[in-house]
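Residue-level structure breakdown
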Amino acid sequence: MKDISELIDSIYTHGQRYGADRPLPANPIMTAPAGARPNSIAVEGGAFGDEGKGRVVDEVCALLVKGRGQGVVYRWNGGANAGHTVMVNDRRLALHQLPSGVLFSGATVVLGKGMVIHPGDVLAEIQEVLGVMGAVPAELMIDEMAVLALDTHRALEGAYRQWATGGRGSTGRGISPAYADVLYRHPVRVRDLAARNWKDRLSKHYDMYAALLSGLGADLESAQVARLNHEPIPVGSKFVFLDRLGAQRSVLLPYVAGVYDYLQEKWADPAIPFVFEGAQGVGLDPRFGVYPDVTSSDPTFSGILASTEGLIAPDEIAVRMATIKATYTSSVGSRRLPTAMDEPLAHRIREDAHEYGATTRRPRDIAYIDIPCLRFFARVSGATHLVLTHLDIAYPDTPIQICTQYVTGEGKATAYRPDQLALDRVTPQYVELPSWDGKVVEGVTTIEALPAEAQQYVAFISQALGVTPLFGTTGPQRDAIISWLPA
Ligand code: IMP
């Protein structure tokens, strides 16, 4: 890893661009390194989620899937907590459980084993896609091994909030109880819902959750739970709960499948593009994120190995791309980031970049770019490439402030550690880098059209994180994107 002050000197004093000013000599997606499968790419959130992965996957699918009319888009983690926003014909489409690849005909989108599925919300989302697109363009497969995250889980999470401190920032979509069910060894999986005796299995599940809630002094039947695109409702009696699930089950059944054999066959044929779409970001990982305000799935590339039951290891994927916002970081939840930005700049960015949660509508916290933290995330997740979104969020009158290291109270340099209390004790040290006019960058589609300061910045951040730039976005429209891939 490069020393940050030497790096700044070599770029800003000596004009070194490290190739950020020109396309790559070869396409890393197709010319995979030894041992990796060509025609494969994985996209993860390199910070705290909401980096614009949906947009990027949309672009990658346009490149890999559209022309060939075939391809697998595989989502490996998370559930209804995620919010990918994609612009289609000037309409904002918020996807939550469906991968962004769902917008491409010829694609098969797989909701993998590592996900947690809320049947009612998936159906509401399918309705939304139908409303915007007129049809669901892709084939949809839901792995029968995926775990269900039901209204019961949402109710339990609500009850825990009265007792525990850890999950205060959660989206309330029942994510942690659903994943915890796996560790407790009593998950309800999609295959339980698909089974002939589904009512017996789900009935036992309801009874257990009723008992758990009652132990916490709450009531399952009257507990209010969120629903996508509708007002919250009470979970209801067991009869009502099963009745609602039964109606959803009959619509979802055609999409449910065992996906292992399918994946094995398609993965063996490198003519078929594979796009892996992660949800959330490394900063929300329970092992590497700002604990305790973390999610419960594995948002890093390593989650792919578990979700595919050992079939696909991350280092067999040709390109593993971490996505970050270029000039700032956003975070929604209760975590405290060391580089949190003060108003009014935070406000300006929040309004210009529409920084409100796609799932919960909460205003996002805005922070300065934090190299110790982002470097840690790139390293622990094994990222090889970088996507810089929001290159248009830059102001000519405001330098880009970057945290280059943390120091302790005694002035000693210290590292990022995945723990809120440790992070509360560090003091970030900053440098200011030259900015550019975001308005000039809006809609830019070539590297050469980027202002010199933006090119320098791309050289800086990619070298600082030890990854190669592959895409940058320059506005919310679908085609406002720069690619470092060769023509
Ligand atoms: P949970 O995933 O609902 O358990 O929430 C845990 C933490 O992750 C909370 O701080 C959420 O706000 C955050 N979170 C979960 N999903 C996303 C996402 O897609 N984008 C940003 N933050 C998220």
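Moving on, we come to the pattern of salt bridges. The full count for this structure, using the stated rule, is 17 salt bridges. Here Arg-287 and Asp-285 are joined by a salt bridge, their closest N and O atoms 2.7 Å apart. Arg-287 gets classed as partly exposed once you look at its relative accessible area, which sits at 43%. The shortest N-O distance in the salt bridge between Arg-350 and Glu-343 comes to 3.6 Å. Overlapping salt bridges bring together Asp-50, Lys-325, Glu-355 and Arg-364 as one network.

This part takes up helix 8 (residues 238-252). Helix length check: helix 8, at 15 residues, gives a terminal C-alpha distance of 21 Å against a target of 21 Å (1.5 Å per residue), a fit within 8%. Looking only at helix 8, the buried set comprises Phe-241, Leu-242, Leu-245, Gly-246, Gln-248, Arg-249 and Leu-252. The secondary structure elements touched by the buried residues of helix 8 are helix 3 (119-133), strand 7 (139-143), helix 4 (151-161), helix 6 (190-194), helix 7 (198-215) and strand 11 (256-257).

This brings us to the environment of Ala-449. Relative to the assigned elements, Ala-449 resides in the loop between helix 14 (438-441) and helix 15 (452-465). Taking the C-alpha atoms as reference points, Ala-449 and Ile-482, 33 residues apart in sequence, are found 9.6 Å from one another.

Attention now moves to the packing of aromatic side chains. Tallied over the full model, the rule gives 14 aromatic pairs. The interplanar angle of 80 degrees and the centroid separation of 5.0 Å between the aromatic rings of Trp-267 and Phe-274 together place this pair among those described as edge-to-face. The class for Trp-267 is buried, based on a relative accessible area of 12%. Between the aromatic rings of Tyr-368 and Tyr-430, the centroid separation amounts to 5.4 Å while the plane-to-plane angle is 70 degrees, which identifies the pairing as edge-to-face. With Tyr-368 in strand 15 (residues 365-370) and Tyr-430 in strand 19 (residues 427-433), this residue pair connects regions lying 62 residues apart in the sequence. Overall, Tyr-368 belongs to the buried group, its relative accessible area being 15%. The structure contains a cluster of three or more aromatic residues connected by ring pairs, namely Phe-48, Phe-288, Phe-376, Phe-377 and Tyr-416.

Next up on the list: the sheet that holds strand 21 (residues 481-483). With mixed pairing, the 10 strands of this open sheet are ordered in space as 11-7-5-2-12-1-13-16-20-21. Only two strands of the sheet have a single neighbouring strand rather than two, namely strand 11 and strand 21. Against the sheet, helix 2 (residues 53-66) touches strand 1 (37-45), strand 2 (71-75), strand 5 (107-111), strand 12 (274-277), strand 13 (317-325), strand 16 (385-389), strand 20 (468-473) and strand 21, its axis set at about 165 degrees to strand 1.

Turning to the side chain of Glu-355, a few remarks are in order. Relative to the helices and strands, Glu-355 is located in the loop between helix 11 (345-352) and strand 15. Polar contacts involving the side chain of Glu-355 include one to the side chain of Lys-325, which spans 2.8 Å.

For the ligand, the set of nearby residues contains 18 residues, the closest of which are Asn-81, Thr-171, Asp-293, Thr-295 and Arg-335. One nitrogen or oxygen atom from the side chain of Asn-81 is found 2.8 Å from an oxygen atom belonging to the ligand. Take Arg-335: an N or O atom from its side chain is 2.7 Å from an oxygen atom of the ligand. For the shell around the ligand, a count of residues per class yields six nonpolar, eight polar and four charged.

A separate point is empty space enclosed by the protein. Enumeration according to the criterion identifies six cavities of 30 Å³ or more in this entry. There is about 110 Å³ of room inside the largest cavity. Contributing to the lining of the largest cavity are 14 residues, with Thr-327, Leu-345, Ile-349, Pro-399 and Ile-400 lying nearest its centre. Looking at the lining of the largest cavity, the elements with two or more residues in it are helix 11 and strand 17 (400-407). Around the second largest cavity, the lining comprises 14 residues; the ones closest to its centre are Phe-48, Leu-337, Thr-339, Asp-370 and Cys-373. Sorting elements by how many residues they give to the lining of the second largest cavity places strand 15 first, with three residues. Per-class residue counts for the lining of the second largest cavity are 11 nonpolar, two polar and one charged.

Conventions used here
Residues numbered from 1 in each chain as written. Predicted model: local features only at pLDDT ≥ 70, side-chain atom pairs only at ≥ 80, totals over all residues. Heavy atoms only, no water. Salt bridge = Lys/Arg side-chain N within 4 Å of Asp/Glu carboxyl O. Buried < 20%, exposed > 50% of the residue type's maximum accessible area, 1.4 Å probe, protein only. Helix = DSSP H or I, 4+ residues; strand = E, 2+ residues; numbered from the N terminus. Expected span 1.5 Å × (residues − 1). Contact = heavy atoms within 4.5 Å. Phe/Tyr/Trp six-rings, centres within 6.5 Å; stacked < 30°, edge-to-face > 60°. Pairing = 2+ DSSP bridges. Axes fitted to C-alpha atoms, helices over the stretch in contact; angles between N-to-C directions. Polar contact = N/O pair within 3.5 Å; in protein donor to acceptor, adjacent residues only side chain to side chain. Near = heavy atom within 4 Å. Nonpolar A, V, L, I, M, F, W, Y, C, P; charged D, E, K, R; others polar. 1 Å grid on protein atoms, 1.4 Å probe; cavity = no way out; pocket = protein on both sides within 12 Å on 5 of 7 lines; lining within 4 Å. Points joined across faces, edges and corners; volume = space filled by probe spheres on them.

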